[in-house]
There are 2 protein chains.
Amino acid sequence: MDAASRIERSLSVAVGLSQTRGCPPRLAQAMHHAVFPGGARVRPRLCLAVAAANGGAPAGVAEAAAAAIELLHCASLVHDDLPCFDDAATRRGRPSVHRAFGEPLAVLAGDALIVAAFQALLQGAAAAPAQLPLLMEVVCGAAGVPFGIAAGQAWECEEEADLSVYEQQKTGSLFAAAAVAGAAACGAPAEAWRPFGAALGEAYQVADDLRDALSDAAELGKPVGQDAAHGRPNAVRSFGVAGAVARLRDIAGQAIEAIPPCPEAASLRALVGLEVKRLMPQRAAAVAA
Amino acid sequence: MDAASRIERSLSVAVGLSQTRGCPPRLAQAMHHAVFPGGARVRPRLCLAVAAANGGAPAGVAEAAAAAIELLHCASLVHDDLPCFDDAATRRGRPSVHRAFGEPLAVLAGDALIVAAFQALLQGAAAAPAQLPLLMEVVCGAAGVPFGIAAGQAWECEEEADLSVYEQQKTGSLFAAAAVAGAAACGAPAEAWRPFGAALGEAYQVADDLRDALSDAAELGKPVGQDAAHGRPNAVRSFGVAGAVARLRDIAGQAIEAIPPCPEAASLRALVGLEVKRLMPQRAAAVAA
């Protein structure tokens, strides 16, 4: 089964808990809406790619870590879209969860998805219980305080914020965790993978900034120009389109350099090259050419 | 060290993660505000009481489980107080988190407290790693879907809800989990403790309904008459004050009956008797006498 199918299956199992008789059906629908159909699933694909580069993990373990990370990402999108943050009407080309199900269910669906991440991890770790504590540590660190996505998002509520710290926590932390968890699932030295994951997160952030600046809403599936509207930092506003494109290529090179020694390093390098090509908006590449 | 001090210390360690340099300071303040000073800490005290009744757990394990459950409870209070739910201005005699810090930080503090629950569990389980999977299962089950507090709260968003299912999930699940986790921390048969915890949860719910109906806001530290205002089920509305008092005594008796065989059952029975006395609002006891 290919990586994409393994990810979807693993997410289905986790979200499927809400389909149990006795669970409020609209909460189950809201959770499903938040997770399916997904976006590019870039974080869980990263997790599985690092596991593959390390020779593979026991059945189900890397998939569970990948699902946990994607569920945390989906939870954060649901809460970030709330009226008190971005008040986004659309996400992935469909109504945001609070627009489709109301604010109360959006808050609760986000909460339940955070818990579902740990449920996924627990279930997946049944095949490798010795890996559970490290995987939990990695996932907790990426999600909560002091440096996870909740912390990153909270910098938007401070009078002063360091742009690089904000981006590392809000975006970088889940990417770094995806890479570390992929290695941890295999029982390989895991922390060595953090710089690779963090660099990919940074590349993704720059690519997202380029798309936010250059795409239209129909293409993007969510409102555009959000960073400008909310006065948020953005690589295109800082460096211009050509500068941001150069920065994306530069960071991608750093990511490839940062790959630790592992059995399948060459395949992983090739995969990163393809991913960066996919990330680069065509219009941006044309502008910068 | 007595149970209360062990609980506060364990909560301090968990919330203290947010005091790390590099964590947004207002998020750290909001999390602290949500947890300290606490209420009666009835769930973590239940967890430690069950652990003690089972002869005690390895150092730190029961305290971590107790803290995890209290952190989930605090997180749910922060989110339940949000404008889209109860829009409560006060909690424990002080401004609710969203009134003190704004809605975005209330959402994020709740999220981070959910994660902190798992961080506490992970740290505490270092002394007994074999107990971690079961403790995680218990805590996840009490928090998320299909039957945890997020599910319970979500019944408020359904057209039709079974009152008993709603209360079991919204209130009972954390009490049941507190009892089960207390036994699990000791490596004792754990599921046998669920009916005891669930009965105490029900007793607590009835006591809360009595206080909601009989107290004034200053005494209660939060708005009164909330159930009537939100059209929510309430034992006093269903049975009257005298009926609710009789029901509380009845359920307390059931809880004591449900205590599984354990080394310190007699002490636990005495403790439950004291707790029910504490739970019974004086005015209610007088009305029913």
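Here, the structure is the one placed above.
What counts and what doesn't
Numbers given for residues are sequential positions, taken from 1 along each chain in its written order. Chains and ligands are labelled sequentially in the order written, the chains with letters from A and the ligands with numbers from 1. Local features in a predicted model are, by the rule used here, given only for residues with pLDDT of at least 70; side-chain atom pairs are given and counted only at 80 or more, and totals for whole chains, interfaces and linings are based on all residues. Note: side-chain values were computed over all heavy atoms of the structure, leaving out hydrogens and water. Each helix is a run of H or I in the DSSP string that is no shorter than four residues. Each strand is a run of E no shorter than two, and both are numbered from the N terminus. Only C-alpha atoms enter the radius of gyration, while the globule expectation follows 2.2 Å times N to the 0.38, with N the number of residues. Only protein chains enter the accessibility calculation, which uses a 1.4 Å probe. A residue is then buried if its area is under 20% of the maximum for its type, exposed if over 50%, and partly exposed in between. We call two residues contacting when some pair of their heavy atoms lies within 4.5 Å. Note on areas: Shrake-Rupley with a 1.4 Å probe; residue coverage comes only from the protein chains shown. Every case where a carboxyl oxygen of Asp or Glu lies within 4 Å of a side-chain nitrogen of Lys or Arg is listed as a salt bridge. The fit set for superposing copies consists of C-alpha atoms from residues with pLDDT of at least 70 in both; the fit itself is least squares. Buried area is a sum: the accessible area each of two parts loses on coming together, probed at 1.4 Å, counted once for each and added. What qualifies as a polar contact is a pair of N or O atoms within 3.5 Å, subject to a donor-acceptor requirement within protein and to the restriction that residues adjacent in sequence count only when both atoms come from side chains. We define a nonpolar core as any set of buried Ala, Val, Leu, Ile, Met, Phe, Trp, Tyr and Cys residues linked to one another through side-chain atoms lying within 4.5 Å.

Peer 1: Lay out the overall build of chain A in plain terms, naming residues and giving numbers.
Peer 2: Of the regular secondary structure elements, chain A holds 15 helices and 2 strands. Compactness check: chain A gives a C-alpha radius of gyration of 18 Å against a globular reference of 19 Å for 289 residues, within 12% of the reference. Each principal axis of the C-alpha atoms in chain A carries an extent, and together these give about 50 × 50 × 35 Å. For chain A, buried positions account for 57% of its 289 residues. The long-range share in chain A, meaning contacts at least 24 apart out of those at least 6 apart in sequence, stands at 68%. Working note: accessible area of chain A is about 11,000 Å², and carbon and sulfur atoms make up 55% of it.

Peer 1: Please provide a residue-by-residue account of the pattern of salt bridges, values included.
Peer 2: Think of it this way: side chains of opposite charge can pair up when their charged atoms draw near. Residue and element names in this part refer to chain B. Going through the model one piece at a time under the given rule, you end up with 26 salt bridges over all chains. Here Glu70 and Arg92 are joined by a salt bridge, their closest N and O atoms 3.8 Å apart. Taken together, the residues span a long stretch of sequence, with Glu70 in helix 4 (residues 61–80) and Arg92 in the loop between strand 1 (90–91) and strand 2 (94–95) at a distance of 22 residues. Exposure remark for Glu70: the relative accessible area of 1% places this residue in the buried category. Residues Arg91 and Asp81 are paired through a salt bridge, measuring 2.9 Å at the closest nitrogen-oxygen approach. Of this pair, Arg91 sits in strand 1 while Asp81 sits in the loop between helix 4 and strand 1, and the two are 10 residues apart along the sequence.

Peer 1: I'd like to hear about the relation of the copies chain B and chain A, residue by residue, with values.
Peer 2: If you rotate chain B by 180° and push it 0.0 Å along the axis, it lands on chain A with an RMSD of 0.0 Å. Here the two chains are linked by the operation of a two-fold rotation axis. Taking the C-alpha atom as reference, chain B places Asp111 of chain B closest to the rotation axis, 3.3 Å from it.

Peer 1: How would you summarise the environment of Glu137 of chain B if you had to cite specific residues and measurements?
Peer 2: Residues and elements named next belong to chain B. Relative to the elements of secondary structure, Glu137 occurs in helix 7 (residues 132–143). For Glu137, a relative accessible area of 51% gives the class exposed. Distance in space between the C-alpha atoms of Glu137 and Val206 is 28 Å, their sequence separation being 69 residues.

Peer 1: Any chance you could break down the interface of chain B and chain A for me, citing the residues and the numbers?
Peer 2: In this complex, chain B contributes 46 residues to the contact, which on the side of chain A involves 46 residues. Together, the buried faces of chain B and chain A total about 4,000 Å²; carbon and sulfur atoms form 80% of this surface. The interface formed by chain B and chain A contains 0 salt bridges. Inspection of the region where chain B meets chain A yields 10 residue pairs in polar contact (both at pLDDT 80 or more).

Peer 1: Help me get a handle on the side chain of Asp86 of chain B, residues and values and all.
Peer 2: Inspection of the secondary structure assignment puts Asp86 of chain B in the loop between helix 4 and strand 1. The residues contacting Asp86 of chain B, other than those within four sequence positions of it, are Asp80, Asp81, Gln226, His230 and Arg232 of chain B.

Peer 1: Help me get a handle on the nonpolar core, residues and values and all.
Peer 2: The tendency in soluble globular proteins is for nonpolar side chains to be buried side by side. Counting residues in hydrophobic clusters, the biggest one holds 215 residues, and the most contacted among them are Phe196 of chain A together with Phe196 of chain B. If we skip the residues at most four places from it in the chain, Phe196 of chain B touches Leu46, Val50, Ala179, Ala255, Ala258, Ile259, Leu268 and Val272 of chain B.

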